[in-house]
Every structure is written in C-alpha cells, then in structure tokens.
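Report on the structure
Residue-level listing of the chains:
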Amino acid sequence: MRRGLDPWVVFHRPNPLASVRLFCLPYAGGSASIFRSWPAALSSEVELGAIQLPGRERRLGEPPISHLPTLVEAVAGSLQGYADMPFAIYGHSMGAMVGFEVARHLRREGKEGPVCLFLSGFRAPQRTNLHPLIYDLPEDEFLEGLRRLEGTPEEVLQNRELLQIMMPALRADFTIVNTYIYTHEPPLDCPISIFGSLEDSEVSREDFEAWREQTTREFKLRMMPGGHFFLHTAYPAILQALGADLSAILKFGR
C-alpha cells in the first residue's frame with residue numbers, strides 16, 4: 001500500500017526500520033489524532049498506524065459507518081495492504097470491540113491475524129451490556145446519555161460548535177456500540193492484553209477478566225488509574241507495557 005493513498009491509516013511518524021506495526025483504533029467519536037504523540041514513546045521496532053474512520057478529520061466529508069460488519073470488513077481489508085510485516089492491534093472502548101471483531105474476521109477469511117490484541121476500556125464481548133441504549137434518542141437526551149456514560153470527553157460535550165460537526169460520527173459510533181450482538185466463535189490464537197481502569201464506571205474488573213475466555217494463548221490484565229479515558233492520562237504506562245509485550249513476541253515468536 002502506498003502511504004498517503006489509504007484513507008484508513010495515518011502514520012504520524014513513519015518508521016521504515018520497524019519490524020512490527022501497531023494499528024490503533026479510537027473510541028467512539030475519536031479520530032486518528034488521539035494517537036499523534038504515541039509513536040515518539042515507542043521503540044524503534046514499532047511503527048504505529050492510527051486508524052482514521054470516515055466522518056472525522058481528513059475524512060470529515062465522508063458519511064460515517066453505523067453498521068459494524070461493514071466497518072470491520074473495511075478496516076480488515078485496509079490492514080491487508082500492510083502485510084509486509086507482523087502487526088498488532090490496539091483499541092480503546094469502541095475501538096477494542098472493533099479490533100476484536102477485525103481479528104475474528106481475518107481468521108474467518110483465512111488471513112494472517114494480529115500477533116497480539118491490546119484492548120482497553122471495554123467489557124469482554126460475551127458479557128451483557130447493562131447500560132441504557134442512547135443511540136436513537138433526541139439530541140439533548142443523547143448528549144446527556146454521553147455525559148452520564150462518560151462515553152465522550154467533557155471538552156467535546158462543552159463545545160457546541162464542535163459537537164455539531166461530530167454529531168453524525170457520534171451517532172454512528174454509538175449505533176455500532178449499542179446494537180452490537182456477540183456471536184460465539186472459538187477463542188483467538190493470539191495473546192490478549194487488556195487494560196482496565198480502576199475508576200471506570202462503565203466496566204467492572206470482572207468484565208475485563210472475562211476477556212480471558214477469548215484466547216487460547218497468554219492473557220494479561222493490567223489495571224490503570226483514572227476513569228474511562230485513562231488512555232490519555234496513563235498512556236506512558238500503557239505504551240511501556242505495549243512495547244514490552246511486542247518486544248517479547250518479536251524475540252520469542254507467537
């Protein structure tokens with residue numbers, strides 16, 4: 001894949017010397033720019049590609065996708081253009097759900113999957129979602145639901161002009177999250193590393209622990225300080241763990 005021609009992947013800091021790629025998926029309403037500072041904290045072994053979903057930043061003019069299978073197929077197809085080296089996937093909240101389903105899609109298609117899944121801020125998919133559905137509420141109620149669920153950064157909710165720009169993407173993303181139906185498949189044959197928050201009002205420790213059922217390989221759970229958006233405050237610790245796990249995989253194999 002020629003860099004710059006693929007709208008799905010943004011390389012904030014290209015690394016031609018890398019031996020593994022880390023593809024990062026944002027939370028609902030998020031964009032590739034939330035990972036802009038991450039490459040500087042990763043080792044020279046790793047190249048980070050941030051996934052840019054339609055309806056935001058340089059893809060603002062494109063309609064956002066509200067159908068999970070369509071989104072998963074598109075992301076998985078884009079990743080196949082970077083098959084020249086091993087890759088891992090990191091996703092936060094909705095991004096964790098999408099990343100997990102991308103890995104399962106690749107397996108169903110007989111394609112090479114990730115060497116590791118790094119997932120944060122999202123319950124294991126087989127666990128029942130007990131939170132109220134908000135995706136189809138009137139705008140004021142929808143925004144209040146976002147605030148109550150801590151599903152969108154407060155600085156976004158306070159900016160009415162920005163909100164109006166982001167509203168189509170937010171609606172699409174929460175349609176994906178709220179209408180997700182888990183379908184049982186065998187566990188994945190790759191390690192899964194989970195990052196949870198000690199103060200997350202959305203997801204319990206038991207919800208994070210239940211990810212163990214989704215892999216036949218090594219499982220790790222790391223609990224971090226902070227609320228649902230701990231990836232912004234605890235990212236140095238997250239990146240240190242990501243780097244250590246990827247280095248071990250590269251050294252000892254899958």
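Residues numbered from 1 in each chain as written. Predicted model: local features only at pLDDT ≥ 70, side-chain atom pairs only at ≥ 80, totals over all residues. Heavy atoms only, no water.

**So, the nonpolar core**
Membership of the largest hydrophobic core comes to 55 residues, with the highest contact counts inside it found for I51, V102 and L117. The greatest single-element share of this core, amounting to eight residues, is contributed by helix α2 (residues 94-108). Not counting residues up to four positions away in its chain, the partners in contact with L117 are I89, G99, F100, A103, L188, C190, P191, I192 and S193. By size, the runner-up hydrophobic cluster in this structure holds 30 residues, among which are C24, I34, A50 and A234. (Core = buried A, V, L, I, M, F, W, Y, C linked by side-chain atoms within 4.5 Å. Buried < 20%, exposed > 50% of the residue type's maximum accessible area, 1.4 Å probe, protein only. Helix = DSSP H or I, 4+ residues; strand = E, 2+ residues; numbered from the N terminus. Contact = heavy atoms within 4.5 Å.)

**Topic: the packing of helix α3 (residues 139-149) against helix α5 (residues 160-178)**
The N-to-C vectors of α3 and α5 enclose an angle of 80°; their axes lie 12 Å apart at closest approach. In terms of their interaxial angle, α3 and α5 are classed as roughly perpendicular. Seen from α3, the contacting residues are E139, D140, F142, L143 and L146; seen from α5, they are R160, L163, Q164, M167, L170, R171 and F174. Of the residues in the contact of α3 with α5, the class split is seven nonpolar, one polar and four charged. (Axes fitted to C-alpha atoms, helices over the stretch in contact; angles between N-to-C directions. Parallel < 35°, antiparallel > 145°, perpendicular 65-115°, else oblique. Nonpolar A, V, L, I, M, F, W, Y, C, P; charged D, E, K, R; others polar.)

**What about a nonpolar patch on the surface?**
A cluster of nonpolar side chains, namely L60, L162 and I165, defines an oily patch on the protein surface of about 230 Å² accessible area. The residue L162 is located in helix α5 in this model. (Patch = residues over 30% accessible without salt bridge, like charges linked within 9 Å, V, L, I, M, F, W, Y side chains within 5 Å. Areas by Shrake-Rupley, 256 points an atom, 1.4 Å probe, with all protein chains shown as cover. Salt bridge = Lys/Arg side-chain N within 4 Å of Asp/Glu carboxyl O.)

**Description of the environment of I194**
Turning to its location among the elements, I194 is positioned in strand β6 (residues 192-197). Between the alpha carbons of I194 and M223 there is a distance of 8.3 Å; along the sequence they are 29 residues apart. Beyond its immediate chain neighbours, meaning those up to four positions away, I194 contacts L119, F208, W211, F219, K220, L221 and R222.

**Structural notes on the sheet that holds strand β3 (residues 46-51)**
Across the sheet, which stays open at both edges, the seven strands sit in the order β1-β3-β2-β4-β5-β6-β7 with mixed pairing between neighbours. Of all strands in the sheet, those with a lone pairing partner are β1 (9-10) and β7 (219-224), marking the two edges. Examined bridge by bridge, strand β2 (residues 20-25) and strand β4 (residues 87-92) share five bridges and lie parallel to one another. Each residue of the ladder has a partner; that of F23, found in β4, is I89. Here α2 sits on the sheet in contact with β2, β4 and β5 (117-120), set at roughly 145° to β4. (Pairing = 2+ DSSP bridges.)

**Details of the side chain of D207**
Along the chain, D207 turns up in helix α6 (residues 205-209). A distance of 2.8 Å separates polar atoms of two side chains, one belonging to D207 and the other to R127. If we ignore the near neighbours within four places in the chain, the residues touching D207 are R123, A124, R127 and E202. (Polar contact = N/O pair within 3.5 Å; in protein donor to acceptor, adjacent residues only side chain to side chain.)

**Observations regarding the pattern of salt bridges**
A complete count under the given rule lists 17 salt bridges for this structure. Between K220 and E218 there is a salt bridge, with its nearest N and O atoms 3.9 Å apart. Taken together, the shared-partner salt bridges in this structure form one network comprising E101, R104, R107, R108 and E185.

**Overview of the environment of H12**
Among the structural elements, H12 can be located in the loop between β1 and β2. The exposure class assigned to H12 is partly exposed, which follows from its relative accessible area of 23%. Spatially, the C-alpha atom of H12 lies 5.9 Å from that of R36, the residues being 24 residues apart in sequence. Excluding residues within four positions of it along the chain, H12 makes contact with A32, S33, F35, R36, P39 and A50. From its side chain, H12 meets the backbone oxygen of A32 in a polar contact 3.1 Å long.

This is a description of form; function is not addressed.
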